[in-house]
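Chain residues, written in single-letter form:
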Amino acid sequence: FFFGKMSGFEESGPVDYNAVLKQLLDTDSNPSLSEIYAHFCKHCKVAADQGVIKILDQVAEPSHVKELDLSTLIFAPPAFDAVMQVSRLLPNLSNVNLANTNMKPESVQSLVEMAAEHPSLTSLSLANNNSLGFSAAKLLLPLIKENKRFIELDVEGTCMAAPTKELIKKVLLSNRTYMENQPQGTRMRSPDSPLSPAHQDGLVISDVEQAQTPEYAPVVPVTDEVMPVAKADAPDPTTMNLMDTKARNHELKSSLMDHEERLHLYHVEMVNKCDGKQKDVKRRHNVGADMMESFKNGWKWPLRSDFKVATCVTDFALNLSEEELQDFYKYYTPQMRATYLNVKGVLTELLDKNTTRRRKNVLIEDLLAKVKGHGPGMSILVELVQNLCELLAHEATNMDAIQGMLEETDIQIGDVKIKIDKTETNRQRALKEEELQEAEGYFEVGLDTQERLIDTILFRLSHLLDKGPRNNLLDGLRKLCEQADEQMNETKHINDDLMGKIDQDLKRIQQKVFEEQEGMKYREQEFLDVQERMKEELSNNQRQQEKVWRDITYSFKELQELAEGRFKEVENWMKEVEKHERRKVEYNAVLKVCEDHSKTLSELQHDCNNCEQLLRNFDEFIRVATKTITTMADTTSGEIDRLALEEQETYLGVFRTFYMQLGELLFKKQKRLEETDRMIRNCEFQIDFCKETLDPDLHKYRDQLKELTQRRQETADTVARMQVRGDDRAAQFMPHEDALRAAGREFESPLLEMHEDVVDRRARVLAQRQRFIDKDKEELVDKEAVGIETLVNHTQQARKTGISSLIHPLSPKSPGPSPGRSDSNSQIIPPQDMIPNVGSPQAPRTTLD
């Protein structure tokens, strides 16, 4: 970079930009403008603006930048300071555009300091920065007054007053006039003023010469010998080697060309020096032959060949690019030679039932270490192998768990059966001793105990008939097989495709190498032909020159033309040497790249073979594991089905006993509920009858009605619970009944047996009730009807005749009524045996319903 005066760095802020720049140059000898800007922003502790970085990245050479367009970018004052310091590094900068940047007044100071010291800056644009006002004008006006080179300053859209803007325009107009009147080529010339031809060749002004002659500054051409190379421009070692080769080639070529030119000049002078020069010419011809040999042996092609793997892929139409190979290196490990990865023993040991879990984990880790990096998806396949091993272990432990559950519940069932037998014995004893309330309690305890037995059996059946584990096992096996097939197909497809591409690329590379070798042989022969032709031409030229020397007086012009022909032939030969050297460099580069790339592809092909072998091993393992797990699952399922059928037969017997006893107890409770309803209706009748007969036991019957109502509610709740209880147990039993029938077992359904038993009981009770109703009707209803009919007849007869004595007396012992007696208040009371006994709570039940 061009480094101008940077004295303003110390005064521009707390950051010492000189020290910051020196620190950057110590770490990076050739930083770009964007890197310098980012480094300044870092030390200012502000974020670098990406828009500025994008603009600076487009700068290839700082000395070529004439205009810096920063319009529409928003800067904080510290970030603006960094931009101004970078602007100092642009030696030919003439225009800075800061329009629409929301520039702050405090940033104007940094701009003015940079602009005052910059040697070529002539134009500034601060348009549409409405925060700039009088304080900014106080700094800008002295800048353009003291520096006549400023001819443009755009402040439109700012908050400066109109008189201030007019004053700025007048100062700028004065500056333009001053610059136009300056002599051409001076240091203070306008950037738009025409340059002299000398200036158009890229000349600069010397400060020392200007101090001696301030009016006109002489020009000094800038050459490689005069201009020192800055530290940032120091080339790297590769560039230095290239420059050395070019310099050596230039020296060889210049020597040969100078010799040929001088030889040509000799022919011009041969008119006066013909005799003395002939021998000298022959000697020089010999020297020229030696120099040509030195040129041929010493001249090397100075540039490196740009033939790389990417060029090889493009020119040879290869299938695999460098990027694709790098992607495949993530999954493959290139091998120096063909190898065989044996993992079949590990997979076989994993299928062994006697292999412990810890040993399997070690084998899985060993398998993963072996297959990792030998194809895509190998870690997934190892994970699938581990999952299949876990399925094998899970199925082996499932049957042991079921056997343990059956043994544990057999003990519980034995205890419950003993309790059921004991409860049944106590119930029969209570019935025999007519302890009905105690018998009812034993009845309910027995039902509860039988329900516990049923729950235990159902628990055993739920585990035995649960197809979930087996289905889950088969589902998991199916999913793992699907995943394994999908992963193996995908890996095999990728591996086969890669191997196909490698084979095609190797064939194409070998074909291209063969073509290059044949082409190089042809070019070598062509170069030899050119060299032989050149030698022949030179020999002919020599003979012709000798002839011309003999006849030089008469044919000088012909000799001069032959000399020119020699010069052209040597020049063409030099070009052929250069072309041949370039071809040799290209040839060697092609061979080197093809050899390296072929080696890379061969190494990758070796690992592709490993991947294919691993896929075959994994496929065999998955098929064997699938077959083993399926066979184990089928064997376990048959044993579980047999145990479940035996358990269902046990459940049938237990449920029959429970359901028959429940039906019996429910029948008794229902009949008790019906009897309680009849007693309640009889009590209600007795209460009404007491009211008609003024019986003082009315309150006793009301208490009895309340007690009967409470008893009825308790009995009804018990019946409802027992019905729900029976329905739930029947619903639980129905699937097992269907399963037993499906298995070919013949038996009477406990539900039908219970309902038939209830029908028989209800028929017996109905016959007993019918006999009681007939007798009750004969004793109460029929006699009462006869008494009422007799009383009605006597009453009607007495009303018709008007003889009250025809009505029976109230007392059965009183004499019959006398004829002609009439008493309207007399009443016939039916016999005592025709009136129910309503005075006692234990009166016989009547059929009032």
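Residues numbered from 1 in each chain as written. Predicted model: local features only at pLDDT ≥ 70, side-chain atom pairs only at ≥ 80, totals over all residues. Heavy atoms only, no water.

Participant: I keep staring at the confidence of the model for the chain and nothing clicks. Help me out?
Facilitator: Low-pLDDT stretches of the model should not have their predicted coordinates read in fine detail. With 82% of its residues at a pLDDT of 70 or more, the chain shows a mean pLDDT of 78. Low pLDDT, under 50, characterises residues 1-13; the predicted model gives this stretch 31 contacts beyond four residues in sequence or across chains. Low pLDDT, under 50, characterises residues 813-849; the predicted model gives this stretch 75 contacts beyond four residues in sequence or across chains. (pLDDT = per-residue confidence, 0-100. Contact = heavy atoms within 4.5 Å.)

Participant: Teacher, can you tell me more about unusual backbone geometry here?
Facilitator: Working note: non-glycine residues mostly have negative phi, and peptide bonds are mostly trans. Positive phi outside glycine occurs at Thr 72, with the angle close to 70 degrees. By secondary structure assignment, the location of Thr 72 is in the loop between strand E1 (67-69) and helix H5 (77-87). A positive phi angle, near 55 degrees, is found at Ala 317, a position not held by glycine. Along the polypeptide, Ala 317 turns up in the loop between helix H13 (309-315) and helix H14 (322-329). (Helix = DSSP H or I, 4+ residues; strand = E, 2+ residues; numbered from the N terminus.)

Participant: Teacher, can you tell me more about the sheet that holds E1 here?
Facilitator: Sheets are built from strands that pair by backbone hydrogen bonding, the pairs being arranged parallel or antiparallel. Pairing in this open sheet of four strands is parallel, and the strands run E1-E2-E3-E4 from one edge to the other. Since the sheet does not close on itself, it has two edges, and those belong to E1 and strand E4 (152-154), each with one partner. The mean angle between the axes of side-by-side strands here comes to 5 degrees, regardless of whether they run parallel or antiparallel. Bridge count between E1 and strand E2 (residues 95-97): three bridges; the pairing is parallel. Among the inter-strand pairings, Leu 68 is bridged to a residue of E2, identified as Val 96. (Pairing = 2+ DSSP bridges. Axes fitted to C-alpha atoms, helices over the stretch in contact; angles between N-to-C directions.)

Participant: What's the story with the side chain of Lys 669 in this structure? I'm lost.
Facilitator: When you line up the elements, Lys 669 lands in helix H20 (residues 556-693). Apart from the residues within four sequence positions on either side, Lys 669 is in contact with Glu 440, Glu 444, Thr 715, Thr 718, Val 719 and Met 722.

Participant: Could you clarify how one ought to interpret the pattern of salt bridges in this entry?
Facilitator: For side chains of opposite charge, pairing can occur when their charged atoms come near one another. Taken as a whole and judged by the stated rule, the model has 38 salt bridges. Put simply, Asp 497 and Lys 501 hold a salt bridge, and the shortest N to O gap is 3.3 Å. With Asp 497 and Lys 501 both in helix H19 (residues 468-550) and four residues apart, the pair spans about one turn of that helix. Taking the shortest distance from any N to any O, the salt bridge between Glu 707 and Arg 711 comes out at 3.4 Å. Residue Glu 707 and its partner Arg 711 are located together in helix H21 (residues 698-742), separated by four residues, close to a single helical turn. Overlapping salt bridges, with partners in common, bring together Asp 448, Glu 451, Asp 455, Arg 725 and Arg 729 in one network. (Salt bridge = Lys/Arg side-chain N within 4 Å of Asp/Glu carboxyl O.)

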